Amino acid sequence: MDIETLYGFRIYIIESLPSDRLHTGLNLMHRLQELWTSQNCYDFDIKYYEVFNKCDLQSTMSIILDDVENDNYIPIIQIECHGQETGLSLSSSEDVTWGELFAMTRPINVASCNNLFLNLSMCYGAMIALCIEPKDRAPFRTVIGPLNTINEDVLEEAWYEFYTRCCNIGDA
């Protein structure tokens, strides 16, 4: 990654929600693409991945790592799933501990020169900060997530406003 010649930011939305739930990540991607196209915002790129289980999540993180090593975007990984105080809950009902997630994000953070933004769109997403080991390499530069339980509609609107403000467009 060459910081001097960055293309901008690339948002990777990773969604793992049951089929009968609102797919907030997919909705967010469509809304952002529409907004950015209408406003000629070219500093952001977006990719969407739907994962079912831990193996899918690991494969997706490998794809992102490859992207970061070969493209020149600052990565923003947005994970849309159910959360608990100890980690993620995937649509397969598998749990991913914060430590397991660190093992997946740390190589991406290293490849991006400590520029990985991690947005956890789930209940208890902010709890990840309590599990960071100060003696280990950082698993991300920045993390954003709720402290407690939160409604999926509130999350989707909050992220839309967040990215709108990041791109500095709209009435947000």
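Preceding this paragraph is the structure being described.
Residues numbered from 1 in each chain as written. Predicted model: local features only at pLDDT ≥ 70, side-chain atom pairs only at ≥ 80, totals over all residues. Heavy atoms only, no water.

Draft legend 1. Spatial organisation of helix α1 (residues 24–38). Counted at 1.5 Å a residue, the expected span for α1 with its 15 residues is 21 Å, and the 21 Å between its end C-alpha atoms agrees. Listed in full, the buried residues belonging to α1 are Thr 24, Gly 25, Leu 28, Met 29, Leu 32, Leu 35 and Trp 36. One face of α1 carries all of its buried residues, which in axial projection span an arc of 140°. Facing away from the buried side of α1 by over 90 degrees, the exposed positions are Glu 34, Thr 37 and Ser 38. Buried residues along α1 sit in contact with β1 (8–16), β2 (44–50), β3 (73–84) and α4 (152–166). Of the residues flanking the end of α1, it is Asn 40, one or two places downstream, whose phi is positive at about 55°. (Helix = DSSP H or I, 4+ residues; strand = E, 2+ residues; numbered from the N terminus. Expected span 1.5 Å × (residues − 1). Buried < 20%, exposed > 50% of the residue type's maximum accessible area, 1.4 Å probe, protein only. Arc of directions from axis to C-beta. Contact = heavy atoms within 4.5 Å.)

Draft legend 2. Main features of the state of the cysteines. Across all of its chains, the model carries zero disulfides by this definition. Unpaired in terms of disulfides, Cys 55 finds its nearest cysteine sulfur in Cys 81, a separation of 16 Å. Note on Cys 123: no disulfide assigned, nearest cysteine sulfur contributed by Cys 81 at a separation of 9.8 Å. (Disulfide = S-S within 2.5 Å.)

Draft legend 3. Quick peek at α4. Its 15 residues place the ends of α4 21 Å apart at the C-alpha level, agreeing with the 21 Å of an ideal helix rising 1.5 Å per residue. Those residues of α4 that sit buried are Leu 155, Glu 156, Trp 159, Tyr 160, Tyr 163 and Thr 164. Viewed along the axis of α4, the buried residues span an arc of 165°, placing them on a single side of the element. If you follow the buried residues of α4, they end up packed against β1, α1, β3, β6 (117–121) and β7 (142–144). Its side-chain oxygen 2.6 Å from the backbone nitrogen of Asp 153, Asn 151 forms the N-cap of α4. (Polar contact = N/O pair within 3.5 Å; in protein donor to acceptor, adjacent residues only side chain to side chain.)

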